[in-house]
Amino acid sequence: MSVIGLVFYLTLGGNVMVQWGLIPSGKKGGAFSASSLVAFLAAAALASLAHGLAFRYLLSPWGLESLAPILFSALLFGAFAALKALRTALGKPSRPLHDEGLFPTTLVLYAVALSIGSRFSSTWLLLVGGAAAALGYVAATGFLEAIMERLELERVPEPFRGAPLRFLSAALMALAFAGVDAGFFSRLSI
Amino acid sequence: MTIDDGRVPAGPLASIAGLAPLLVFSNSLSLGVALGIAFFLAYSAAGAMALLLPARLGRPAVFAFSLTGAAVVASLTASALRLFDPFLFEAAYGRVFLSVFTLPVLRACVMPETVSDRERAIESLLWGVGYAFLTAVTGAVRQFLATGAVSTRFGAEHGSLLPIFAQPAGAFILIALAAAAFKVVIKAVRGSES
């Protein structure tokens, strides 16, 4: 599959938001500034690369696949410490590791790393796949937030307002993506 | 994490939304039980370490140790699952690993700030049991809706009733209906109190 095909697949049929249930919450769920978008894509690409290579060359040969979450935790702490040191050197404040605002991002990064790391073996595809999966997530959250904004204008029954409506909208998106996957991408070898 | 419009307490609903990665994958009883047990063990380990580690370590260090502890427990759970049922392990290992990074577990890794928070450890443990039970029940319900039967053996599902419930979309629909029902119940309870 070409890189363009890979990006389309990970944006639609293989989208991590619907396949892994990573539904964003609140009105800021789909909001990304340009710099944070680039940082998120880079983080996803590097997480996929590091996790994929470590899984393939470190854990699998020794039959230690079960240690993957410990490995990812170590990678996470290492990356966070490096980022914190960099920001401190630049004189910028950094958020603490236990900041609740970072939890959803951590979850998405691990889901991307798990999804891509187990699917590809080459360095290039791990990098591109990680970034494409993150891009697909950002696009899907943007679609979902646009749907939610539009639905605010509609007369929705009171019990369905808020979280239930968000999940119903995600369900319809998942159906649409599954249709694209079944009709097109599942016929390709990935 | 705020997932509703503020008219219903965000706690339980928000945590159920945080469990969505597990609920979406839990489409059979065996998968649901495996994921529920993995989640509960990771959640309990994280909560216990965050509670018992000395406060002088500082919140970032306690968080890091608790998360590592939860990851170790998830690794052990995955190893046990591999011995118990290799096919189930192959199908579920990604989600078992991901259970460490679900929002309830990450929140449990944060050291309690106040004495009253510390005294609610049993309550947190009961919530963990409830979330694990919910994951298993979701699996059983989705399996029944999708195939018309519930089987304790992984991969033994036959028949077709409403196949959409085996897909992620089916999980989202179930979560939405459950959340709406929860809001109605809360509203009714509050109405009867006033």
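This text gives an overview of the structure that appears in the document. Keep in mind it's a predicted model, so treat the numbers as computed, not measured.

### Describing the interface of chain B and chain A
For an interface, size is often stated in terms of accessible area lost upon the parts coming together.
Part 1 of the reasoning: On the side of chain A, 45 residues touch chain B, which itself brings 49 residues to the contact.
Part 2 of the reasoning: Both sides together, the interface formed by chain B and chain A hides about 3,900 Å², and carbon and sulfur atoms give 74% of it.
Part 3 of the reasoning: Three residues stand out in chain B for area buried against chain A, namely Phe-97, Phe-101 and Phe-172 of chain B, and they jointly supply 17% of the buried area on that side.
Part 4 of the reasoning: Counting the contacts that link chain B with chain A gives two salt bridges.
Part 5 of the reasoning: The partner of Arg-107 of chain B in a salt bridge is Glu-100 of chain A, and the shortest N-O contact between them spans 2.8 Å.
Part 6 of the reasoning: For the pair chain B and chain A, the number of links is six residue pairs in polar contact (both at pLDDT 80 or more).
Part 7 of the reasoning: Broken down by class, the residue content of the side of chain B that touches chain A amounts to 34 nonpolar, six polar and nine charged.

### Description of the environment of Val-96 of chain B
Residues and elements named next belong to chain B.
Part 1 of the reasoning: Residue position: Val-96 is located in helix H5 (residues 86-98).
Part 2 of the reasoning: Looking at Val-96, the relative accessible area reads 1%, which means it is buried.
Part 3 of the reasoning: Sequence separation between Val-96 and Ser-192 is 96 residues; the distance between their C-alpha atoms is 41 Å.
Part 4 of the reasoning: What Val-96 contacts, discounting residues up to four positions off in sequence, is Leu-35, Ala-38, Ala-74, Ala-78 and Leu-81.

### Topic: the pattern of salt bridges
Close approach of charged atoms allows side chains with opposite charge to pair.
Part 1 of the reasoning: Taken as a whole and judged by the stated rule, the model has six salt bridges over all chains.
Part 2 of the reasoning: In this structure, the salt-bridge partner of Arg-150 of chain A is Glu-154 of chain A, at a minimum N-O distance of 2.8 Å.
Part 3 of the reasoning: Taking relative accessible area as the criterion, Arg-150 of chain A reaches 47% and is therefore assigned partly exposed.
Part 4 of the reasoning: Residue Arg-59 of chain B is joined to Glu-113 of chain B by a salt bridge in which the shortest nitrogen-to-oxygen separation is 3.9 Å. Taken together, the residues Arg-59 of chain B in helix H4 (residues 59-84) and Glu-113 of chain B in the loop between helix H6 (103-108) and helix H7 (115-119) connect sequence positions 54 residues apart.

About the criteria used
- Residues numbered from 1 in each chain as written.
- Chains lettered and ligands numbered in written order.
- Predicted model: local features only at pLDDT ≥ 70, side-chain atom pairs only at ≥ 80, totals over all residues.
- Heavy atoms only, no water.
- Contact = heavy atoms within 4.5 Å.
- Buried area = accessible area lost by both parts, 1.4 Å probe.
- Salt bridge = Lys/Arg side-chain N within 4 Å of Asp/Glu carboxyl O.
- Polar contact = N/O pair within 3.5 Å; in protein donor to acceptor, adjacent residues only side chain to side chain.
- Nonpolar A, V, L, I, M, F, W, Y, C, P; charged D, E, K, R; others polar.
- Helix = DSSP H or I, 4+ residues; strand = E, 2+ residues; numbered from the N terminus.
- Buried < 20%, exposed > 50% of the residue type's maximum accessible area, 1.4 Å probe, protein only.

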